[in-house]
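These are the residues of each chain, in order.
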Amino acid sequence: MSLAELICPAGTPAALRTAVDAGADAVYCGFQDATNARNFPGLNFTPDELSEAVAYAHARGAKVLLALNTYPPAGKVDLWRQAADTGVRLGVDAFIVADMGVADYIARAHPGIRLHLSVQAAASSPEAIRYYCQNFGVKRVVLPRILTIPEIREIRKEIPCEIETFIFGNHGLMVEGRCSLTNYLTGQSTNMDGVCSPASDVEYTRHEDGSMSSRLSGFTIDCFGPDEKAGYPTICKGRYTAPHRPEGYYAFEEPVSLNLSRLLPELIDAGVHAFKIEGRQRSKSYVRGVVSAFRQAVDDIRAGRAANIADLVALTEGQKQTQGAFETKKWR
Amino acid sequence: MTRLTLGPIAYHWSADMRRDFYARIADEAPVDEVYLGEVICSKRAPFHEADLPATIERLERAGKTVILSSLAEVMLKRERKATENLAAMEAPEIEINNAAGLFARGRHPHRIGPFMNAYNEATIAWMAARGATHVCLPAEMPAPAIAVAAQAARDLGLGVEVQVFGRVSLAVSARCYHARAHGRTKDNCQFVCEEDADGMPLRTTDDRPILRINGIQTLSESYVDLLPETGRLVADGVTHLRLAPQAVDMVAVAQVFRGVLDKRTPVDEADARLARLSGDADLSNGFYHGAAGYRRIAMAAPA
């Protein structure tokens, strides 16, 4: 049976402490710049904050994983190298990387430090995963959210490293690390700048009939009736029209979030080593609620008790949820 | 001498359409290199695989260099097998679009495709040390990064390619959005994507064109047009300019680019012709100028 580590989001020092206190086995975080894929205003860590965070986590038996999971554009690679050097100096337990140049630098400059392959690397086959294991000594792969559990089980048999899967939070639709949708509309790149649907480009407009539209960079992404809750305008969760769908439809996916709580036992049985909770942009109270609930559930499952799944399902209260690709091929 | 290339066909064009297309390309298009093969959806490959040897022969006879491109997404058994088979080929050259292909190819020579995320000099150097002979840069890279990457690649003896015409890939997914639009799933899609030779248009609910769907791929609504920027691209060290096949007169598109590269046609005149050839499609160059990709930025006068 796998260890079923719980990997929890830490967008701020306060969220990190909250996650550790709530039972995270590891937290993941990033610096306040383009070196990580949640480069949002008000989020992330200064080196001093990270230093304190590492001490706090280590004192309580939790690990700190530093996300360096964006792709440096040519001419700016040094920022990523410096971030890696700083991370090593501050004693982080592993780096989450996507770019081959970044992975190669860390493997050579800091041999022995753990490398995890980010979901941003989009390694979805045993061969791709083995490429990173062989060449950079990657110890764990974060799988893209596009595989079914039987497929994960098969991959596990063919790779020499641990598997981490997302179990809760935002449900990425596109293959991560291969998406330029945000850059197409806003001029800020998910891969190079760590930005996805930036808040600075978002506007909500109330119309005379009481309806509300959400826009990104002037493009209408969705509209909502007077009584509907307006969602955030993420391009891949938008409503559009197509020749066969003149009424407008969610062309990629409904605005749903991922919740695999019902599948936890199966994922553990398939050999998944670590469960990732998405949400570095979320509040402390969200982190506390989600991490505590999953901590309890994972402990129950590991002890052979039935987990109280109802509590986990309730976490997405009011929001539609999905088991995405994990449940069935029909999702595709 | 700058080489003009024709990228792989992204869309599900019928076998007949492909045969006619490549026959014209072989006979009439002033392109130096042609990429063949299915890059987007492994279900489509059987429809045109049988024609590949004849197409390769025809293009090579016309003096074109032929390169076979690998799938961008490799997940299923048939995709893994297809990637492995391609990686085992001695000739023609291959372009790899997924790390599974790099794994299978080992240190044998290969090209790096636009889906491989070769964004910087460190990654390019890593790839070059493992057999890469050529790199196609990601479509969203801005000019300063292209210049640094191109210089680094050339110093290592690699060819450097940038897409200068056509819709650019903005995302790929495991889910088929063509099937979804028709209430189907990927496994029972019935190849509905064949109906849209230039992709399925998505518009915002207030009727503004925004994106194009091509099976599991999402493309830009606009055609990228870097014709006015070709001089700077070449000066910055880019050796290959890629035209992505669209459902327009690609022979004429290639002639327009060739005319500018050979300094036979003034850029303004050529760009006006390209706009006419592109029909209803908007032209854009935002990515190159560090702006939103869909935008069209006027070139500043040379300093």
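The written sequence of each chain sets the order in which its residues are numbered from 1. Chains carry letters from A onward and ligands carry numbers from 1 onward, assigned in written order. Only residues with pLDDT of 70 or above have their local features reported here, since the model is predicted, and side-chain atom pairs are shown and tallied only from 80 upward, although totals for entire chains, interfaces and linings are computed over all residues.

**Student:** How should I be thinking about the overall build of chain A in this particular structure?
**Tutor:** Strands here mean DSSP runs of E at least two residues long; helices mean DSSP runs of H or I at least four residues long; both are numbered from the N terminus. Across its full length, chain A carries 12 helices and 15 strands. For a compact globule the rule gives 2.2 Å times the number of residues to the power 0.38, and the radius of gyration it is set against comes from C-alpha atoms. Scaling as 2.2 N^0.38, a compact globule of 332 residues should have a C-alpha radius of gyration of about 20 Å, and chain A matches this with 20 Å. Any residue surrounded by 20 or more other C-beta atoms within 10 Å of its C-beta is treated as buried, while 12 or fewer makes it exposed and the intermediate range makes it partly exposed; C-beta atoms here are placed from the backbone. The proportion of buried residues among the 332 residues of chain A is 55%. Each residue is represented by a C-beta atom placed from its backbone, and any two residues with such atoms within 7 Å are regarded as in contact. When contacts within chain A are restricted to residue pairs at least 6 apart in sequence, those whose partners lie at least 24 apart make up 61%.

**Student:** For this particular structure, what's the right way to read the nonpolar core?
**Tutor:** Buried together is how nonpolar side chains tend to be arranged in soluble globular proteins. We define the nonpolar core as any set of buried residues of the types Ala, Val, Leu, Ile, Met, Phe, Trp, Tyr and Cys, connected via C-beta atoms lying within 7 Å of each other. In this structure, A:Ala19, A:Val27, B:Val135 and B:Leu243 are the most contacted members of the largest nonpolar core, which totals 209 residues. For every domain, the bounds stem from an assignment made automatically or drawn from a database. Taken domain by domain, this core gets at least three of its residues from each of domain 1 (5-171 + 256-331) and domain 2 (187-250) of chain A.

**Student:** What's the story with the interface of chain B and chain A in this structure? I'm lost.
**Tutor:** Where interface size is quoted, it is often the accessible area lost as the parts come together. Listed per partner, the contact involves 57 residues of chain B and 55 residues of chain A. For the side of chain B that touches chain A, the secondary structure elements donating two or more residues are α5 (99-105), α6 (121-128), α7 (143-155), β8 (169-172), α8 (177-181), β9 (200-204), β10 (209-214) and β11 (217-220) of chain B. For the side of chain B that touches chain A, the class distribution of residues is 33 nonpolar, 14 polar and 10 charged. Sheet topology note: the strand β11 (residues 239-242) of chain A/β9(B) ladder contains 2 bridges and is antiparallel. Bridged to A:Tyr240 within β9(B) is B:Thr204. For this classification, Asp, Glu, Lys and Arg are treated as charged, while Ala, Val, Leu, Ile, Met, Phe, Trp, Tyr, Cys and Pro are nonpolar and the rest, including Gly, are polar. Strand pairing is defined by DSSP finding a minimum of two bridges between the two strands.

**Student:** What's the story with unusual backbone geometry in this structure? I'm lost.
**Tutor:** When glycine is set aside, most residues are seen to have a negative phi, and most peptide bonds are trans. Residue B:Pro92 follows B:Ala91 across a cis peptide bond; omega there is -5 degrees. Tracing the backbone shows B:Pro92 in the loop between α4 (77-87) and β4 (93-96). Despite not being glycine, A:Ser217 has its phi angle at roughly 55 degrees, a positive value. Relative to the elements of secondary structure, A:Ser217 occurs in the loop between β9 (212-216) and β10 (219-224).

**Student:** It is not clear to me how the packing of helix α1 (residues 15-28) of chain B against helix α3 (residues 52-61) of chain B should be interpreted in this structure. Could you clarify?
**Tutor:** Each pair of packed helices can be summarised by the angle the axes make with each other and by the distance between the axes. Residue and element names in this part refer to chain B. The contact between α1 and α3 brings their axes to 8 Å, and the two run at 15 degrees. Taken together, the axis directions place α1 and α3 in an arrangement best described as roughly parallel. Both α1 and α3 take part in a crossing whose hand is right-handed. Across the interface between the two elements, Tyr 22, Ala 23 and Ala 26 of α1 pack against Thr 55, Arg 58 and Leu 59 of α3. By residue class, the composition of the contact of α1 with α3 is 4 nonpolar, 1 polar and 1 charged. Comment: axis = line fitted to C-alpha atoms, over the contacting stretch for helices; angle = value between 0 and 180 degrees taken between N-to-C directions. Under this scheme an angle from 65 to 115 degrees is roughly perpendicular, one under 35 degrees roughly parallel, and one over 145 degrees roughly antiparallel; angles in between are oblique. What makes a crossing left-handed is the near helix being turned counterclockwise from the far one by less than a right angle; a clockwise turn instead makes it right-handed.

**Student:** For this particular structure, what's the right way to read the sheet that holds strand β12 (residues 245-250) of chain A?
**Tutor:** Strand-to-strand pairing in sheets goes through backbone hydrogen bonds, with the strands running parallel or antiparallel. Taking strand neighbours across the sheet as the criterion, the 6 strands line up as β12(A)-β11(A)-β9(B)-β10(B)-β11(B)-β8(B) in an open arrangement whose pairing is antiparallel. Each edge of the open sheet is held by one strand with a lone partner, namely β12 of chain A together with β8 of chain B. Averaged over all pairs of adjacent strands, the angle between their axes in this sheet comes to 35 degrees, without regard to strand direction. Relative to β11(B), β8(B) runs antiparallel, the two being bridged by 3 bridges. Across the sheet, residue B:Ser169 finds its bridge partner in β11(B), namely B:Leu219.

**Student:** What should I look at first to understand the sheet that holds β9(A) in this one?
**Tutor:** Residue and element names in this part refer to chain A. Overall, antiparallel pairing links the 3 strands, which are arranged β8-β9-β10 in an open sheet. Only two strands of the sheet have a single neighbouring strand rather than two, namely β8 (202-206) and β10. Each strand axis lies, on average, 25 degrees off the axis of its neighbour in the sheet, ignoring direction. Where β9 meets β10, 5 bridges bridge the pair, whose relative direction is antiparallel. Bridge assignment links Ser 213 to a residue of β10, and that residue is Cys 223.

**Student:** Where do I start with the domain arrangement of chain A in this structure?
**Tutor:** Residue and element names in this part refer to chain A. On domain assignment, one finds that chain A holds domain 1 (5-171 + 256-331) and domain 2 (187-250). Using C-alpha coordinates to define each centre, domain 1 is positioned 28 Å away from domain 2. Residue-level contacts link 8 residues of domain 1 with 6 residues of domain 2. Looking at the side of domain 1 that touches domain 2 residue by residue, the class counts come to 4 nonpolar, 3 polar and 1 charged.

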